[in-house]
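Commentary on secondary and tertiary structure
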Amino acid sequence: MPRPPNGAPSGTPESCDGFAVLPAERLLLLSGTTARPWAEGEQAGALHTNLGRVEGPLRTVFTGERFHLAFALPHLPALQARALEVAPGRVLPIAAARPTPAEDALAALRRALAGAPAAVQAAIRPLLPRRAFGGTDTVPLLASRAVHLEVDRVLRLPGAGLLVWGWRMDLGGAVSAIRLCTPQGEAALDLAAAIPVPRPDVREAARTYAPTHDDWGFCAFVPLEAPPGTPLWLEVELADGETGERALQPADSAGLATIRQVLALPRAPGSRLEAAMEGTLGPAVEALNAARLARPRRVEELAFGAQPARPRLSVVVPLHGRLDFMELQLALFSARPDPGIELIYVLDDPPRRAECEQMALAAEARFGLGFRLVLLEENLGFAPACNEGARRARAPFLCLLNSDVFPLPGEGMAALSALPARLEADEGLGAVGPLLLYEDGTVQHEGMRFEAVRGLPPWPFPIHPRKAHPAPPGAALLEAPAITGACLALRRAEWEALGGFDEGFVIGDFEDSDLCLRLRARGLRCAVDTGARLYHLERQSQEEGAGWRFHATLFNAWRHARRWAGTIGA
């Protein structure tokens, strides 16, 4: 809908009084007055010329009774515009319009756009020629208008855009737009979609003006690519068309460390979590994660002890942080070994390689179990670590096992040995896991279902419905929408057909429910075998961190919901 003409008198004549032609852009700019505004933004229209009627989209913005519009000209020689058709049967004569210097017409249009809705700006700005960056930092000149804007850091997100940290002060509301620009394009820096970042240093400097808050800082995602070597600059535009510019130097990601820095951004209020994920965290983390995983991987493998010649089950255990869990698992498995099970440990903690190798040598000598140790050159996260281990599996059945899952006293590998039999007996069963218990014998995991979590965005989260309940008696196969990846067995052929865990989930969350839902999409079921029982210390095999862990889970939930929310809802 058009905006009202801001008190334009009913007798205002309707006419075009100025025009300019931009030959390089093949664009006609028109301005004039009207008491009957038509729709702003883009709509169908036509230009009446000496060569006939030329149809095309009109892109219009209104300021009071005045209109400014752009019309893309066809490549026709000797074209002379005579009238503008803004609606069927509604034609504005333009023969009497005065020619206006192109720079003046562009300046007037940009001033009109400065106060226009975002949708109107998006319809018109891409048609206009970009201002060339003069190379001089003119942002400080805006300080006379009580406008300050600083950019502390720009991070390049390959294939997606840029992540920008900074702070701004606009006490009079003079800023109409902030953009990042390259010679090839520009994109808005939208502070409404940015994550607020407390800046007590700015608050202290601004205490004379506004001492009551310190959310002057921001971190914003800008969907503009700036490959290495491409000039990049900031453009701040005020409502009256005045602009300031500053050159920027983006940096490149340092892999998982950078992802954790981004995930450690301050938590947005609950009502803004979804917008923060959609507008900043989601696209940034997705791009950073894809870039780090695209790098070549160097992986080494060491064998300890005798390996089974023809294993029936391959067990893959990722290791990070608690290396002592490997030693404890091997000790407990040795109480009742199974020669048909091969053990594959994956060290996802490269700085502790020497310590892990020494521990492996000692465990082999003490417990007599054969196993392999896969060594990653860098910390990749749960899903990539499991995938690397599974690539080396030789058995027809595969089990993903957390390092903090242990057998009951004296049971050894018995619970793991039972899982392939369930899969062999039921071709429609895609994944099976044991009943996982807390140390006191109550249920830690008996299958998962999906629910929204109060206080978080309305995404489906995997919930353990019978957590801390008494363990059920006997042995049964309990079907569930999904089962945990803490201990999950499936046919290796199914794992390979699905491509393993989706490595787009960072650190370790939602990979298991995603895998189960992909199995279900193939017509297969998931279940818990309550006759196979193991202890699970729950999350002690994962690295915790108050700063970034919450946002990691939220990112994975957002990514999971984009793929499965419709399926789960149905």
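Residues numbered from 1 in each chain as written. Predicted model: local features only at pLDDT ≥ 70, side-chain atom pairs only at ≥ 80, totals over all residues. Heavy atoms only, no water.

Points about the pairing of strand β4 (residues 52-63)
- Pairing between strand β3 (residues 41-49) and β4: 9 bridges, direction antiparallel. Bridge pairing in β4 places Glu 42 opposite Arg 59.
- Counting the residues that bridge the hairpin from β3 to β4 gives 2 residues.
- Taken together, β4 and the strand that follows it, strand β5 (residues 66-72), pair antiparallel across an intervening segment of 2 residues, in which Gly 64 is found at a positive phi of about 65 degrees. (Pairing = 2+ DSSP bridges. Helix = DSSP H or I, 4+ residues; strand = E, 2+ residues; numbered from the N terminus.)

A word on the sheet that holds strand β1 (residues 15-22)
- Strand order in the open sheet made by the 8 strands is β7-β6-β3-β4-β5-β2-β1-β8, with mixed pairing throughout. Each end of this open sheet is capped by a strand with a single partner; those strands are β7 (90-93) and β8 (98-99).
- Where strand β2 (residues 27-33) and β5 come together, 7 bridges link them in antiparallel fashion. Bridge assignment links Leu 28 to a residue of β5, and that residue is Phe 71.

Remarks on the confidence of the model for the protein chain
- Confidence in the prediction of the protein chain, expressed as mean pLDDT, is 90, and 95% of residues score 70 or more.
- Note that residues 1-11 has pLDDT below 50 and, in this model, 19 contacts with residues that lie over four places away or in other chains. (pLDDT = per-residue confidence, 0-100. Contact = heavy atoms within 4.5 Å.)

Quick word on the packing of helix α4 (residues 256-263) against helix α5 (residues 273-293)
- At their nearest, the axes of α4 and α5 sit 9 Å apart, and the two run at 170 degrees to each other. On the basis of the axis angle, α4 is roughly antiparallel to α5. Contacts between α4 and α5 involve Leu 256, Thr 258, Ile 259, Val 262 and Leu 263 on the former and, on the latter, Leu 281, Val 285, Leu 288, Asn 289 and Arg 292.
- Residue classes in the contact of α4 with α5 are distributed as 7 nonpolar, 2 polar and 1 charged. (Axes fitted to C-alpha atoms, helices over the stretch in contact; angles between N-to-C directions. Parallel < 35°, antiparallel > 145°, perpendicular 65-115°, else oblique. Nonpolar A, V, L, I, M, F, W, Y, C, P; charged D, E, K, R; others polar.)

Remarks on helix α11 (residues 511-521)
- Judged by how many residues are buried, α11 sits mostly within the fold: 9 of 11 residues are covered.
- Within α11 the residues assigned to the buried category are Glu 511, Asp 512, Ser 513, Asp 514, Leu 515, Cys 516, Leu 517, Arg 518 and Leu 519.
- In the stretch just after α11, Gly 523 is the one whose phi turns positive, near 85 degrees. (Buried < 20%, exposed > 50% of the residue type's maximum accessible area, 1.4 Å probe, protein only.)

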